Amino acid sequence: MLYRHPSYYPTFHCLGGACPDTCCRDWDIVLDEETVADYQTAPAPMASHLVRSLTTDEDGDTCFRLNDRGFCAMLAEDGLCSIQKEWGAEHLCQHCAAYPRFIEEYGALTESSLALSCPEVARLLLESPAFVVEESNNGHPNKPFPDIPPELMSSLELSRKKALDVMAQDRYTVWERIHGVLLLAYSVQEDLDRLDYSRAGIHCVPMQPLSASLQAKPFAQDLLRFFSSLEPLRPSWPQRLRRCHDGLDAMCPEEYSLLCRRFEAQFPQWQHHLTNLMSYLIFRHWHKTVNDDQLYARVAWIACSGILLYHLFLMQWKEDHILRLPDEIAICCAFSREVEHMEENLELALDTCSVLSPASIYYPLT
Ligand code: SF4
């Protein structure tokens, strides 16, 4: 059995009460059956706290009640979970015990990753010298992967490896790299559509020079309008997107180009950070193609997400004349929380991006 995870995975430690945000906010956490049964046996003070803090959602599932500020009713004043603090971590429900760790099983392959919606994970990812995937094999026999053609899995394995290798090649700009990955995904998708899984892994990444286009700013504004139209978890996210949109709107093409040049010169780590972010998205989402054969939609969404994040960083830098790491982290977490974790939003984003051809995605080249 093969196991993989990003190299920073083992170094993660929850910040607890020192977290600049908290994962105990805004989510509807549905309790698993074992936890519901466990909570019937809670000791006296905890039992009454739990009774007050649990509710039933519209599907009839038991979940934690959120207060009027969106915080979990079990979250104490010090930012720590009362269940963990007063009763023990072994009594956390499966969601809370696992977050921000995510495990995906693909038959013989198990991949673990950390959700970008957690500020400490975002810091680890942004500050990693490179996005590196570590692999180990425990020698145990492989598990079957029912209903998934082995040729599909091996073509995804081969093509994602090529995509991550290209993302690591800094002789190309980050936009040339993601555009090459997008062209690769386009070719693989044509084979997937013909159910020709054996061809899908053979393509090389076609690297092409990109030229600046007057369409880059209006394209970014289209993206900002689209993402701000999705159902938000927190109102601050569409507000940020609209501010960014309006800020771009107020600039003529020359001012926009000059702003991008100044930002890139004064914040040279922008390419490295975007490379890590898009590599994380490639690692985490590429293999989900096994569920629906939609690889191109995912990669087009990743390219568009890179363009979206670039402009959010750019406008934050314009506002403050500096881009501080906590602000960069907050933007990444909000993006992940509002798009990556919101199933309906992600589906809409994939549908919308799937109709964009590689030639109709415009990068902010200066
Ligand atoms: S968001 Fe991350 S660092 Fe913050 S409390 Fe949750 S797991 Fe810990």
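Small disclaimer: the values here were computed from a predicted structure and weren't measured. (Residues numbered from 1 in each chain as written. Predicted model: local features only at pLDDT ≥ 70, side-chain atom pairs only at ≥ 80, totals over all residues. Heavy atoms only, no water.)

**Q** Describe the side chain of Ser 113, with residues and values.
**A** Within the secondary structure, Ser 113 sits in strand 5 (residues 109-114). Excluding anything up to four places from it in sequence, Ser 113 contacts Pro 6, Tyr 9, Pro 100, Arg 101, Phe 102, Phe 283 and Arg 284. (Helix = DSSP H or I, 4+ residues; strand = E, 2+ residues; numbered from the N terminus. Contact = heavy atoms within 4.5 Å.)

**Q** Outline the nonpolar core, listing residues and values.
**A** If you look at the biggest cluster of nonpolar residues, it comprises 97 residues, and the most contacted ones within it are Trp 175, Ile 178, Phe 227, Leu 274 and Trp 301. Sort the elements by how many residues they give to this core and helix 12 (residues 295-320) lands first, with 18 residues. If you look at the next biggest cluster of nonpolar residues, it comprises 16 residues, including Trp 27, Ile 29, Phe 64 and Trp 87. (Core = buried A, V, L, I, M, F, W, Y, C linked by side-chain atoms within 4.5 Å. Buried < 20%, exposed > 50% of the residue type's maximum accessible area, 1.4 Å probe, protein only.)

**Q** Summarise the side chain of Arg 337; cite the residues concerned and give the values.
**A** Its place among the elements puts Arg 337 in helix 13 (residues 325-340). Among the residues examined, Arg 337 registers a relative accessible area of 7% and is labelled buried.

**Q** Please provide a residue-by-residue account of the domain arrangement of the protein chain, values included.
**A** One frequent convention defines the size of an interface as the accessible area lost when the parts assemble. The domains assigned to the protein chain are domain 1 (24-98) and domain 2 (209-360). On a C-alpha basis, the centroid separation for the pair domain 1 and domain 2 is 34 Å. (Domains from an automatic or database assignment.)

**Q** Now, about the packing of helix 5 (residues 119-127) against helix 13: what can you tell me, with residues and values included?
**A** Where helix 5 contacts helix 13, the axes come no closer than 9 Å and their chain directions differ by 115°. With respect to each other, helix 5 and helix 13 are oriented roughly perpendicular. With respect to the hand of their crossing, helix 5 and helix 13 are arranged in right-handed fashion. Where helix 5 abuts helix 13, its residues Pro 119, Ala 122, Arg 123, Leu 126 and Glu 127 lie against Leu 325, Glu 328, Ile 329, Cys 332 and Cys 333. Residue composition of the contact of helix 5 with helix 13, by class: 7 nonpolar, no polar and 3 charged. (Axes fitted to C-alpha atoms, helices over the stretch in contact; angles between N-to-C directions. Parallel < 35°, antiparallel > 145°, perpendicular 65-115°, else oblique. Left-handed = near helix turned anticlockwise from the far one by under 90°. Nonpolar A, V, L, I, M, F, W, Y, C, P; charged D, E, K, R; others polar.)

**Q** For the site of the ligand, give the residues involved together with the corresponding values.
**A** Residues in close proximity to the ligand include Cys 14, Leu 15, Cys 19, Cys 23, Tyr 99, Pro 100, Cys 118 and Pro 119, which together make up its full environment. Along the lines of polarity and charge, the residues of the shell around the ligand split into 8 nonpolar, no polar and no charged. (Near = heavy atom within 4 Å.)

**Q** Please set out helix 2 (residues 44-53) residue by residue, giving values where relevant.
**A** Each α-helix winds once per 3.6 residues, and so residues spaced three or four apart point in a common direction. Buried within helix 2 are the following residues: Met 46, His 49, Leu 50 and Ser 53. Along the axis of helix 2, the buried residues cluster in a sector spanning 100°; they form a single face. Turned more than 90 degrees away from the buried face of helix 2, the exposed residues are Ala 44, Val 51 and Arg 52. (Arc of directions from axis to C-beta.)

**Q** Break down the pattern of salt bridges for me, with residues and values.
**A** The final tally for this structure, using the stated rule, is 22 salt bridges. Between Asp 21 and Arg 337 there is a salt bridge, with the nearest N and O atoms lying 3.3 Å from each other. Within this pair, whereas Asp 21 is found in the loop between strand 1 (2-6) and helix 1 (33-39), its partner Arg 337 is found in helix 13, the two being separated by 316 residues in sequence. The exposure class assigned to Asp 21 is partly exposed, which follows from its relative accessible area of 21%. (Salt bridge = Lys/Arg side-chain N within 4 Å of Asp/Glu carboxyl O.)

**Q** Just give me the short version of the sheet that holds strand 6 (residues 133-137), but keep the residues and values in it.
**A** With mixed pairing, the 4 strands of this open sheet are ordered in space as 4-5-1-6. Since the sheet does not close on itself, it has two edges, and those belong to strand 4 (101-106) and strand 6, each with one partner. With strand direction ignored, the average angle separating the axes of adjacent strands in the sheet is 20°. Note: strand 4 against strand 5, 6 bridges, orientation antiparallel. Bridge assignment links Phe 102 to a residue of strand 5, and that residue is Ser 113. Those strands touched by helix 6 (residues 150-167) are strand 1, strand 4, strand 5 and strand 6, and its axis lies near 40° from that of strand 5. (Pairing = 2+ DSSP bridges.)

**Q** Give me the state of the cysteines: which residues, what numbers.
**A** This structure, assessed with the given rule, holds 0 disulfides. Of all cysteine sulfurs in the structure, the one in Cys 93 sits closest to Cys 96, which takes part in no disulfide; the separation is 3.6 Å. (Disulfide = S-S within 2.5 Å.)

**Q** Describe the packing of aromatic side chains, naming the residues involved and giving the relevant values.
**A** Going through the model one piece at a time under the given rule, you end up with 16 aromatic pairs. Here the aromatic rings of Phe 226 and Phe 227 are separated by 5.1 Å at their centres, their planes lie at 70°, and the arrangement is edge-to-face. Like Phe 227, Phe 226 is buried. Cluster of aromatic residues (ring-pair linked, three or more members): Trp 175, Phe 263, Phe 267, Trp 270, Tyr 310, Trp 317 and Tyr 363. Seen from the ring of Phe 102, Arg 284 lies directly overhead, with NZ or CZ sitting 4.4 Å from the centre. (Phe/Tyr/Trp six-rings, centres within 6.5 Å; stacked < 30°, edge-to-face > 60°. Lys NZ or Arg CZ within 6 Å of the ring centre and 35° of its normal.)

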